[in-house]
Amino acid sequence: MKQFLESFNILTKEEIELFCDSVIPKYLKRGDFYIKEGKTCKEVAFVVSGFFRSFYYSSAGEEVTYCFTFENSFITAYSSFISQTPTQENIQALIDIELLTISRQVIEKLENSSSNWLRLFKHLSEQEYIKLEKRVFVLQKETAEKKYADLLRNHADYLNLIPLNYLASYLGITQRHLSRLRKSMSN
């Protein structure tokens, strides 16, 4: 996490140390939830190892996987965290996960202690917005083949750990179509 924070060239070494001293390790087992629909998110976490799926329930009551979050990135139920209202999403561990969490209260204290924190959190918020926008464009614009190829290229080591029903949901296709897609891409 130190390297991740250093990469922004915003915080001093002392501020990075303060952040690292403020995080609380958390471990989730496969299948555990980081947050469930209806709860209010009060923390942000850095994914040290493992990965999550984010999903919601459609109006027909079906689970729709819309995102995977992999290690070396931050995770939170972002709109709930900002607005302090209950979330509509579920974030579930797909394998055992190690997190470093930091509470909203600590983040607010950091923001009040130095303008560097405001700059960093503004930058992270902007990055989250860009990721969200890209995700919307990918879901709306790209084919299942392209989305699968991107996962294969960027996260091949995790791809076989994602249950097929979650992967098919993310790609917006049936499991049968996914099987054909995987077969055609392995040739």
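Q: Residues and numbers for the environment of Ser-179, please.
A: Residue placement: Ser-179 occurs in helix α8 (residues 175-186). Expressed as a C-alpha distance, the spacing of Ser-179 and Ser-113, which sit 66 residues apart in the sequence, is 53 Å.

Q: Provide a residue-level description of a nonpolar patch on the surface, including the pertinent values.
A: A cluster of nonpolar side chains, Leu-132, Val-136 and Phe-137, forms an exposed patch at the surface whose accessible area comes to about 270 Å². With respect to the secondary-structure elements, Phe-137 resides in helix α5 (residues 115-141). Since its relative accessible area comes to 48%, Phe-137 is described here as partly exposed.

Q: Report on the pairing of strand β3 (residues 43-49), specifying residues and quantitative values.
A: Summarising burial for β3: 5 of the 7 residues are buried, a large majority. Bridge analysis of β3 against strand β8 (residues 97-103) gives 6 bridges, and the strand direction is antiparallel. From the neighbouring strand, Ser-49 faces β8, where its bridge partner is Glu-98. Of the pairings in the sheet, the one linking β3 to strand β6 (residues 73-75) comprises 3 bridges and is antiparallel in character.

Q: Summarise unusual backbone geometry; cite the residues concerned and give the values.
A: The phi torsion at Asn-9 lies on the positive side, around 55°, for a residue other than glycine. Secondary-structure assignment places Asn-9 in the loop between α1 (2-6) and α2 (13-22). Despite not being glycine, Asn-72 has its phi angle at roughly 65°, a positive value. Along the chain, the position of Asn-72 falls in the loop between β5 (63-69) and β6.

Q: Report on the pairing of strand β7 (residues 90-93), specifying residues and quantitative values.
A: Where burial is concerned, the two faces of β7 agree: the one with Asn-90 and Gln-92 and the one with Ile-91 and Ala-93 are both buried. Direction of pairing for strand β2 (residues 33-35) relative to β7: antiparallel, over a ladder of 2 bridges. Looking at the pairing, Phe-33 lines up with Gln-92 of β7.

Q: Just give me the short version of helix α6 (residues 144-159), but keep the residues and values in it.
A: A rise of 1.5 Å per residue sets the reference length of α6, with its 16 residues, at 22 Å; its end C-alpha atoms lie only 14 Å apart and thus fall more than 12% short of the reference. Along α6, the sharpest kink reaches roughly 75°, centred on Arg-153. All of the buried residues in α6 are Ala-144, Lys-147, Tyr-148, Ala-149, Asp-150, Leu-151, Tyr-158 and Leu-159. Tucked inside the fold, the buried residues of α6 contact β5, α5, α7 (164-171) and α8.

Reading the values: the criteria
- Residues numbered from 1 in each chain as written.
- Predicted model: local features only at pLDDT ≥ 70, side-chain atom pairs only at ≥ 80, totals over all residues.
- Heavy atoms only, no water.
- Helix = DSSP H or I, 4+ residues; strand = E, 2+ residues; numbered from the N terminus.
- Patch = residues over 30% accessible without salt bridge, like charges linked within 9 Å, V, L, I, M, F, W, Y side chains within 5 Å.
- Areas by Shrake-Rupley, 256 points an atom, 1.4 Å probe, with all protein chains shown as cover.
- Salt bridge = Lys/Arg side-chain N within 4 Å of Asp/Glu carboxyl O.
- Buried < 20%, exposed > 50% of the residue type's maximum accessible area, 1.4 Å probe, protein only.
- Pairing = 2+ DSSP bridges.
- Expected span 1.5 Å × (residues − 1).
- Bend = angle between axes of the 7 residues up to and from the residue.
- Contact = heavy atoms within 4.5 Å.

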